[in-house]
Amino acid sequence: MIKLNNVNKTYFTDKIETIALHNISLEVETGEFVSIMGPSGCGKSTLLNIIGLLDKPNEGSITLEQENVEQYKEKQLAKIRNEKIGFIFQGFHLIPELRVIDNVELPLLYRKISSKKRRELALEALEKVGLSARSHHFPSQLSGGQQQRVAIARAITGKPSLLLADEPTGNLDSHMGDEIMQILEDLNKNENTTIIMVTHDDDEAKRTDRLIRVFDGQLIH
Amino acid sequence: MFSHILKLIWNRKRNNALMITEIAIAFIVVLMISVLAVSNYRNYQVPLGYEWQDHWQISLGISGGWSTDTNRETLRQMIAALKSQEAIDSVGVVKEPLFFNSVWQSSTRSDDRLITFNANTLDDEAFETLSVNFLAGRAFDERDNGQGYRPVIVNQLFVDTYFSNGDALDKLMPGDNANGGTLPRKIIGIVEEFRQYGELAKPVPYVISRFDIATGHQPSAIVIKVKEGTDINYEQHLSTLLKGIAPEWHFSFVTLKSQRSQSIENELTPLIVLSIVALFFVIMVALGLFGVLWQNITRRTQEIGLRRAIGASAMSVHQQIIGELMMLAAFGILAGLVLAIQVPLLGLFPELDWFSFWVSFAIAVAVILSLSFVCALYPSKMATRIDPAYALHYE
C-alpha cells in the first residue's frame, strides 16, 4: 500500500537545524490498521504528513500503491490526496459556516462529479458514521464526538484506500473516543481501508494490527 | 464550486456585510461618474447644427430700454455698418446668445397635447451667418412678411418628439399671446440641430422664431462671421465703430471658439473634480477590500490548509479566493443597482436616459469587478502559499 524508504526530514531555520525524521523505512500493507506512538515532538505528525503527501522528505522515497510520488508536482500530489487519502485530525477542522452535509461533500468538490452524485456520496458516508439525521446541522450544534464522526465521514466520502488519523480521539472523552475507534475498526474490517493512526493511548494502539513506535525521529523496533 | 462559494458567502453574511456595503457604495459612485461621462459623450456625438470656427459674438448692453424706436434704429445702423466691413462676411442677430446657459423655455397646447420646447429668436441673416444645416424647408425671408402665420423653424428632435409620422413641414401650431399675438405658428423649416448651449448639453426640442427689429423682443447678441485669419485685434476696430454709432451702449466681444471652449470647460470641470474625489474614494475602498481579504486569509489559515490537504490544488485555492471576492462584488453591485435604478425609474435626473444608464452600468460593473479582481490577486496568491502541514496545526 505505502512504502517509505530511508526517509529523512530536517527543518532549517536561520540558526537551528532540527532533525524530525531520520532514516525511516516503513511498509504498510493494504487493509492494515497501524498505530504510531511516541512522545510529543518525536516526529509522529511529521511522519504522518509525509505519508499523507502534505510534506516532502529531504531524502528518501515514498511509494503509494506502486506509484513513486517523489517527483510529483503539487497538482499531482493534490489529486492523489483527494482520491486515495482521507485525513482525520484531532481538532476535527470542520468549516463552521457550512452544514454537516456540505462539510462532508468538501473533498468531492475537487473532483469532476455532479452535485447530485456528491450529495449521494456524502449521505452515504454520513450513514456509515450514523449521522445522516444531522446532515443539515451546523458543526456548532453537534457534540465533540459527533463532530469527529462528521470529520470521518468527510475523510471517507471520496472512498479513499488510505485513512490517516492524527490523534482522532485526542479531544474526546473515553466514551466518545471508543465510538470513534469502533467506526475506524469497522471501516478497516468492512471496507478493507488501510488506516494509519497516531495515538497517545495504549488501549487504542492495542486495538490496531500493528504498533510503530517513534523516538527522536527514528523507528524503534 | 459556484454554489459552494455562494453558500460560504451567504453563511458568512454578517462578516461580509461591511465589504458588500463598501462595494455597493463604490459601485454607486463609479456609476454616477460613468453616467455623467456617458451622457456627456453621447451629447458630444450629436451635431451642433451650426458653425463656430470663424464667428464672433457681440453681446449688447442696450441703454435706455429696447422699446424706443431710437434703439431699434441704432441696431439697424450697427448691422449695416458691420455688413459694410471687408473682414466681415455676414451678420445675424440672436435673442439668446450661443454657448451660454441662457434658457428660454416655452410651451403650447395642440390637440390637447402639451408641447414643450426651448426657444430662441433669430433674424433672417443669422442662419446664413451660422451656416445652419437645414434638413427641409428654408430660413426666414421676405415670403414670410405679412402672412397670417408666424414662421418658425424647428430642430429634427422636435419633429421626432411631437410628430410621430415625421411630417412636420408646413404644419401649424397654436400661437401664443406673448409673441406675435394669436397668430398660429407655421413650421417653414427643419434644421438638423441648433444646440444653443453647446455640445455637452442634452439635445432638446427647439423652436426658432423670426426676429424682426421693428417688433421683436430685445436681442442679446449680434453674431458675425469674419474672414478666415481675422485676429482678435480686430475687436478694437469694431468696438470703436459700434461705439461711434451707439455711445451709450455696452459691447463685449467673444469668439465663438473661445466661448465654446469655456462652455465645455464649465461642463467638464465638475465632472473632473467629482472623478478625482471618486478615484480617491475607490482607492480607499480597494485598500479596505485588500486589507479585509488579507485578514480573512489569515483567519482562514486552517480552512485553507484543510482544503489543500483534502485535494485542493494551489490553483483551486487561488480561484476560490478570487471567486469569493468576485461574488461579494456581485452582491455589492446588486445592492447598489437596487438603489441606483431608482434614479431613472423615478425620473430624478431628467438628463439621464435608459441607454446611458445601462451603458454606465456596464462600465461601473467592469470597473468594480476589475478592482475586486486586482484586490484579490495578492491575498489569493498568499493563500496558495499556506503550507497545509503547518496550517492544520495552526492555532
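Quick caveat: nothing in here was measured; it's all calculated off a predicted structure.

On to the overall build of chain B, then. Helices and strands together make up the secondary structure of chain B, namely twelve helices and eleven strands. Relative to the 2.2 N^0.38 estimate, which gives 21 Å for 395 residues, the radius of gyration of chain B is 31 Å and therefore markedly larger than a compact globule would have. Based on the C-alpha atoms only, the size of chain B along its principal axes is roughly 100 × 55 × 30 Å. Expressed as a percentage of its 395 residues, the buried residues of chain B come to 49%.

Right, let's get into the packing of helix H3 (residues 69-83) of chain B against helix H6 (residues 234-245) of chain B. Residues and elements named next belong to chain B. Direction vectors running N to C along H3 and H6 enclose 150°, while the axes themselves pass 9 Å from each other. Our classification of the angle between H3 and H6 gives roughly antiparallel. The chirality of how H3 crosses H6 is right-handed. Along its contact with H3, which presents Thr74, Gln77, Met78, Ala81 and Leu82, the element H6 presents Leu238, Leu241, Leu242 and Ile245. In terms of residue class, the contact of H3 with H6 is built from seven nonpolar, two polar and no charged.

What follows concerns unusual backbone geometry. All names here are of chain A. Notably, Gln66 is not glycine yet its phi reads approximately 65°, a positive angle. By the secondary structure assignment, Gln66 is in the loop between strand E4 (59-64) and strand E5 (67-68). According to the relative accessible area criterion, Gln66 is exposed, its value standing at 74%. The phi dihedral of His93 falls on the positive side, at around 55°, and the residue is not glycine. Looking at the element boundaries, His93 is found in the loop between strand E6 (85-89) and helix H3 (100-105).

The next point concerns the pattern of salt bridges. One pass over the structure, following the stated rule, counts 32 salt bridges over all chains. Between Arg210 of chain A and Glu32 of chain A there is a salt bridge; the shortest N-O distance is 2.8 Å. Of the two residues, Arg210 of chain A is situated in strand E9 (residues 210-215) and Glu32 of chain A in the loop between strand E2 (17-28) and strand E3 (33-37); the sequence distance between them amounts to 178 residues. A network of salt bridges, in which partner residues are shared, links Glu97 of chain A together with Arg12, Arg300, Glu303, Arg307 and Glu324 of chain B.

Once that is clear, we can look at the environment of Arg143 of chain B. All names here are of chain B. Considering the arrangement of structural elements, one finds Arg143 in the loop between strand E5 (134-137) and strand E6 (150-155). A residue is classified by how much of its surface remains accessible, and Arg143, at 52% relative accessible area, is exposed. Beyond its immediate chain neighbours, meaning those up to four positions away, Arg143 contacts Arg138 and Tyr149. A distance of 2.6 Å separates polar atoms of two side chains, one belonging to Arg143 and the other to Asp141.

Quick look at the interface of chain B and chain A now. Contact with chain B, which involves 25 residues of that partner, is made by 24 residues of chain A. Here chain B meets chain A over a buried area of about 2200 Å², counting both sides, of which 61% is carbon and sulfur. The tally of links between chain B and chain A comes to three salt bridges. The partner of Glu74 of chain A in a salt bridge is Arg308 of chain B, and the shortest N-O contact between them spans 2.7 Å. The tally of links between chain B and chain A comes to ten residue pairs in polar contact (both at pLDDT 80 or more). For the side of chain B that touches chain A, the element with the most residues is helix H8 (residues 301-309) of chain B, which contributes six residues.

A separate point is the packing of aromatic side chains. Enumeration over the complete set of coordinates arrives at 19 aromatic pairs over all chains. For the pair Phe87 of chain A and Phe89 of chain A, a centre-to-centre distance of 6.0 Å together with 0° between the ring planes defines the contact as stacked. Per residue, the accessibility class of Phe87 of chain A equals that of Phe89 of chain A, and both read buried. Aromatic pair Phe357 of chain B and Trp358 of chain B: ring centres 5.1 Å apart, planes at 80°, arrangement edge-to-face. Here a set of aromatic residues connected by ring pairs shows up, and it is made of Phe27, Trp354, Phe357, Trp358 and Phe361 of chain B. Here Lys13 of chain B stacks its cationic end above the ring of Trp10 of chain B, 4.5 Å away from the centre of that ring. Geometry around Trp104 of chain B places Lys95 of chain B over its ring, the cationic atom sitting 4.9 Å from the centre.

Quick look at the sheet that holds E4 of chain A now. All names here are of chain A. Read across the open sheet, the four strands follow the order E2-E1-E4-E5; overall the sheet is antiparallel. Since the sheet does not close on itself, it has two edges, and those belong to E2 and E5, each with one partner. Looking at chain direction, strand E1 (residues 2-12) and E2 are connected through eight bridges and run antiparallel. Paired with Lys3 across the strands is Glu27, a residue of E2. Where helix H1 (residues 44-51) meets the sheet, it contacts E1, E2 and E4, and its direction lies at approximately 125° from that of E1.

Attention now moves to empty space enclosed by the protein. Residues and elements named next belong to chain B. Per the stated rule, a full pass over the model turns up five cavities of 30 Å³ or more. Approximately 120 Å³ is the volume found for the largest cavity. Along the walls of the largest cavity sit 14 residues, with Arg12, Asn16, Asn296, Arg300 and Glu324 positioned nearest its centre. For the lining of the largest cavity, the secondary structure elements donating two or more residues are helix H1 (2-11), helix H2 (13-45), helix H7 (256-299) and helix H9 (314-340). Taken together, the residues that form the lining of the largest cavity break down as seven nonpolar, three polar and four charged.

What counts, and at which threshold
Residues numbered from 1 in each chain as written. Chains lettered and ligands numbered in written order. Predicted model: local features only at pLDDT ≥ 70, side-chain atom pairs only at ≥ 80, totals over all residues. Heavy atoms only, no water. Helix = DSSP H or I, 4+ residues; strand = E, 2+ residues; numbered from the N terminus. Rg over C-alpha atoms; globule rule 2.2 N^0.38 Å. Buried < 20%, exposed > 50% of the residue type's maximum accessible area, 1.4 Å probe, protein only. Axes fitted to C-alpha atoms, helices over the stretch in contact; angles between N-to-C directions. Parallel < 35°, antiparallel > 145°, perpendicular 65-115°, else oblique. Left-handed = near helix turned anticlockwise from the far one by under 90°. Contact = heavy atoms within 4.5 Å. Nonpolar A, V, L, I, M, F, W, Y, C, P; charged D, E, K, R; others polar. Salt bridge = Lys/Arg side-chain N within 4 Å of Asp/Glu carboxyl O. Polar contact = N/O pair within 3.5 Å; in protein donor to acceptor, adjacent residues only side chain to side chain. Buried area = accessible area lost by both parts, 1.4 Å probe. Phe/Tyr/Trp six-rings, centres within 6.5 Å; stacked < 30°, edge-to-face > 60°. Lys NZ or Arg CZ within 6 Å of the ring centre and 35° of its normal. Pairing = 2+ DSSP bridges. 1 Å grid on protein atoms, 1.4 Å probe; cavity = no way out; pocket = protein on both sides within 12 Å on 5 of 7 lines; lining within 4 Å. Points joined across faces, edges and corners; volume = space filled by probe spheres on them.

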